[in-house]
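If you want the building blocks of each chain, they are given just below.
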Amino acid sequence: MSCERFREQLAQYIADGEPACSDYEPLRQHLVHCARCQTLAKDLRIVETALASYPLIVAPPTLRAELMRTIMQERQALQEEWRLLPWDVWVPAVAFGLALLIALLSLPAQLWQAAPVPESPDIWAKFGLWLNSLRLPNGDGLFWVTWVGVFATTAGLGLCLSLTNWTHDHTRQVEDLEARVADTVTHLWDQTRRAH
Amino acid sequence: MIEISPELVARCQRGDARSFAQLVAETQNDLYNLSYNILHSHEEAEDMAQEIYMRVWRALPTFRGDSKFGTWLYRIGVNACLNRRRQLRTQLYIADGDDALESQIAADDDPATSALASERNRALWAAVDRLPEKYRLMITLFYQQQLSYDEIASMLSLPLGTVKAHLNRARQALAASLRPRQE
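Computed from a predicted model, the values in this text were never measured in an experiment.

Each helix and strand in chain B was counted, giving nine helices and zero strands. Its helices and strands in sequence order give chain B the pattern α-α-α-α-α-α-α-α-α, from N to C terminus. Excluding contacts between residues fewer than 6 apart, the proportion of contacts in chain B whose partners are at least 24 apart in sequence is 65%. Accessible area for chain B stands at about 8,800 Å²; split by element, carbon and sulfur atoms hold 48% of it.

As structure tokens, then:
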């Protein structure tokens with residue numbers, strides 16, 4: 001093995017603490033006879049000792065205080081802004097709701113017409129009559145059922161997928177939203193009471 | 001290598017700012033040192049340290065404990081500093097580096113160390129600053145941050161052999177820097 005090849009191995013040998021393992025035996029034999037490599041080994045030992053005591057530069061004393069001030073300011077700003085439900089929850093939820101509404105509006109007319117209208121309709125009967133008045137043309141009933149069914153299934157699947165990815169961060173967002181809504185309602189109620 | 005207790009990390013993940021301040025106190029010297037050794041400017045290192053900690057604060061919920069927290073922290077730090085270095089695209093001076101070393105050396109000065117050894121050590125530390133960036137980064141991570149070869153390879157996405165080769169070439173370059181002084 002050439003002197004050059006041994007020199008490449010020498011740095012690792014010195015850095016490893018000059019172990020007695022047999023892998024380095026040819027190198028140790030070479031060092032016995034090669035003055036140049038002995039000098040290099042001595043220099044590498046000096047390098048290793050110096051690097052072992054390579055000092056850490058101390059961080060400025062203001063670093064932590066400034067950092068925490070920035071974090072508090074950011075947290076304050078976040079608390080002041082409204083944060084809605086995650087989009088991967090409210091989008092499929094709205095889609096599902098729309099599908100349900102379209103389904104209700106598309107119900108065949110005879111379902112409403114078949115039921116006798118009470119003389120004094122309660123609130124549910126009134127709701128049914130109102131829906132009946134809004135119903136969409138049901139000539140293409142099968143089309144509408146298929147369309148709404150596909151729409152609702154896709155939206156429902158999307159909602160289930162997003163809920164399986166629910167994280168602690170989502171929970172915090174919902175809690176923040178609940179707290180914000182409660183504060184707003186309380187505030188409005190107080191304002192209303194004061195006005196009267 | 002930075003060792004942070006899992007309980008402290010968990011408290012930080014729950015948004016406990018006081019715990020995060022404690023985490024910063026335990027890691028700021030290492031992280032600042034890493035930033036300084038890559039960017040070579042106290043101003044840049046301080047700005048970068050702030051930015052790294054802000055990134056860590058925001059990304060804490062995503063830390064799942066697959067690796068050590070220290071390794072995760074260093075990975076964010078190294079990537080951020082290298083990106084910043086690329087943005088700067090200039091060789092930054094090491095003039096203020098000598099001042100920093102002076103203040104650190106004063107704190108650690110061992111009276112038993114001979115004057116020659118101290119002078120030689122300072123010369124070697126200054127020689128580290130003149131190494132090519134990739135060798136300097138390896139020296140910083142291996143000797144100052146005390147990461148293992150495997151940890152460095154994992155963090156920098158390099159083969160283990162490459163990490164060892166870089167470190168050995170850095171050691172040889174530093175050894176060569178000694179010879180003009182000794183002649």
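On the chain B side, the residues contacting the 35 residues of chain A number 48 residues. When chain A packs against chain B, the two sides together hide about 3,900 Å² of surface, and 63% of this comes from carbon and sulfur. The largest contributions to the chain A side of the interface with chain B come from Tyr54(A), Leu56(A) and Ile57(A), which together make up 20% of the buried area. Here Glu48(A) ties to Arg171(B) by a salt bridge, and the two come within 3.7 Å at their closest N and O atoms. Inspection of the region where chain A meets chain B yields 11 residue pairs in polar contact (both at pLDDT 80 or more). For the side of chain A that touches chain B, the secondary structure elements donating two or more residues are helix H1 (3-15), helix H3 (35-52) and helix H4 (63-80) of chain A. Counting residues per element, the side of chain A that touches chain B draws most heavily on H4(A), at 10 residues.

Now for the packing of aromatic side chains. To describe a pair of aromatic rings, you give the distance between the ring centres and the angle between the ring planes. This structure, assessed with the given rule, holds nine aromatic pairs over all chains. Ring centres of Tyr13(A) and Tyr24(A) lie 4.9 Å apart, and the angle between their planes is 55°; this geometry places the pair in the tilted category. Note that Tyr13(A) is positioned in helix H1 and Tyr24(A) in the loop between H1 and helix H2 (25-33), a separation of 11 residues in sequence. By the burial criterion, Tyr13(A) is buried, and Tyr24(A) matches it. Taking 4.9 Å as the distance between ring centres and 45° as the angle between the ring planes, the aromatic pair formed by Phe63(B) and Trp72(B) counts as tilted. Taking the relative accessible area as the measure of exposure, Phe63(B) reaches 12% and is therefore buried. The structure contains a cluster of three or more aromatic residues connected by ring pairs, namely Phe20(B), Tyr53(B) and Trp57(B). Over the aromatic face of Tyr149(B) sits the side chain of Lys164(B), whose NZ or CZ is 5.2 Å from the ring centroid. Above the plane of the ring of Phe142(B) lies Arg171(B), whose end atom (NZ or CZ) is 5.4 Å from the centre.

Once that is clear, we can look at the environment of Val56(B). Inspection of the secondary structure assignment puts Val56(B) in helix H3 (residues 42-59). Beyond its immediate chain neighbours, meaning those up to four positions away, Val56(B) contacts Phe20(B), Phe69(B), Trp72(B), Leu73(B) and Ile76(B).

Residue and element names in this part refer to chain B. Across the interface, helix H1 (residues 6-13) lies against helix H2 (residues 17-39) with an axial gap of 8 Å and an inter-helix angle of 130°. Taken together, the axis directions place H1 and H2 in an arrangement best described as oblique. The way H1 lies across H2 gives a crossing that is left-handed. Taken together, the residues of H2 that come into contact with H1 (itself represented by Leu8, Arg11 and Cys12) are Ser19, Phe20, Gln22, Leu23 and Glu26. Among the residues forming the contact of H1 with H2, the class breakdown is four nonpolar, two polar and two charged.

Time to look at unusual backbone geometry. Residue and element names in this part refer to chain B. Its identity is not glycine, yet histidine 40 carries a phi of approximately 60°, on the positive side. As for its placement among the helices and strands, histidine 40 is situated in the loop between H2 and H3. With relative accessibility at 2%, the residue histidine 40 sits in the buried group. Phi at serine 157 takes a positive value of approximately 55°, unusual for a residue other than glycine. Locating serine 157 in the fold gives a position in the loop between helix H8 (149-156) and helix H9 (160-182).

Residues Leu10(A), Phe20(B), Val56(B), Phe69(B), Ile139(B), Leu141(B) and Leu174(B) are the most contacted members of the largest nonpolar core, which totals 77 residues. Beyond its immediate chain neighbours, meaning those up to four positions away, Leu141(B) contacts Leu34(B), Val78(B), Gln146(B), Leu147(B), Ile152(B), Met155(B) and Leu156(B). Counting seven residues, the second largest nonpolar core, distinct from the first, contains Ala59(A), Tyr32(B), Ala45(B) and Ala49(B).

Fine structural detail should not be taken from predicted coordinates in areas where pLDDT scores are low. Scored by pLDDT, chain A comes out at a mean of 77, with 75% of its residues at no less than 70. Within chain A, the element-level pLDDT minimum falls on helix H6 (residues 109-114) of chain A, averaging 54, and the maximum on H3(A), averaging 92.

Thresholds, definitions, all that
Residues numbered from 1 in each chain as written. Chains lettered and ligands numbered in written order. Predicted model: local features only at pLDDT ≥ 70, side-chain atom pairs only at ≥ 80, totals over all residues. Heavy atoms only, no water. Helix = DSSP H or I, 4+ residues; strand = E, 2+ residues; numbered from the N terminus. Contact = heavy atoms within 4.5 Å. Areas by Shrake-Rupley, 256 points an atom, 1.4 Å probe, with all protein chains shown as cover. Buried area = accessible area lost by both parts, 1.4 Å probe. Salt bridge = Lys/Arg side-chain N within 4 Å of Asp/Glu carboxyl O. Polar contact = N/O pair within 3.5 Å; in protein donor to acceptor, adjacent residues only side chain to side chain. Phe/Tyr/Trp six-rings, centres within 6.5 Å; stacked < 30°, edge-to-face > 60°. Buried < 20%, exposed > 50% of the residue type's maximum accessible area, 1.4 Å probe, protein only. Lys NZ or Arg CZ within 6 Å of the ring centre and 35° of its normal. Axes fitted to C-alpha atoms, helices over the stretch in contact; angles between N-to-C directions. Parallel < 35°, antiparallel > 145°, perpendicular 65-115°, else oblique. Left-handed = near helix turned anticlockwise from the far one by under 90°. Nonpolar A, V, L, I, M, F, W, Y, C, P; charged D, E, K, R; others polar. Core = buried A, V, L, I, M, F, W, Y, C linked by side-chain atoms within 4.5 Å. pLDDT = per-residue confidence, 0-100.

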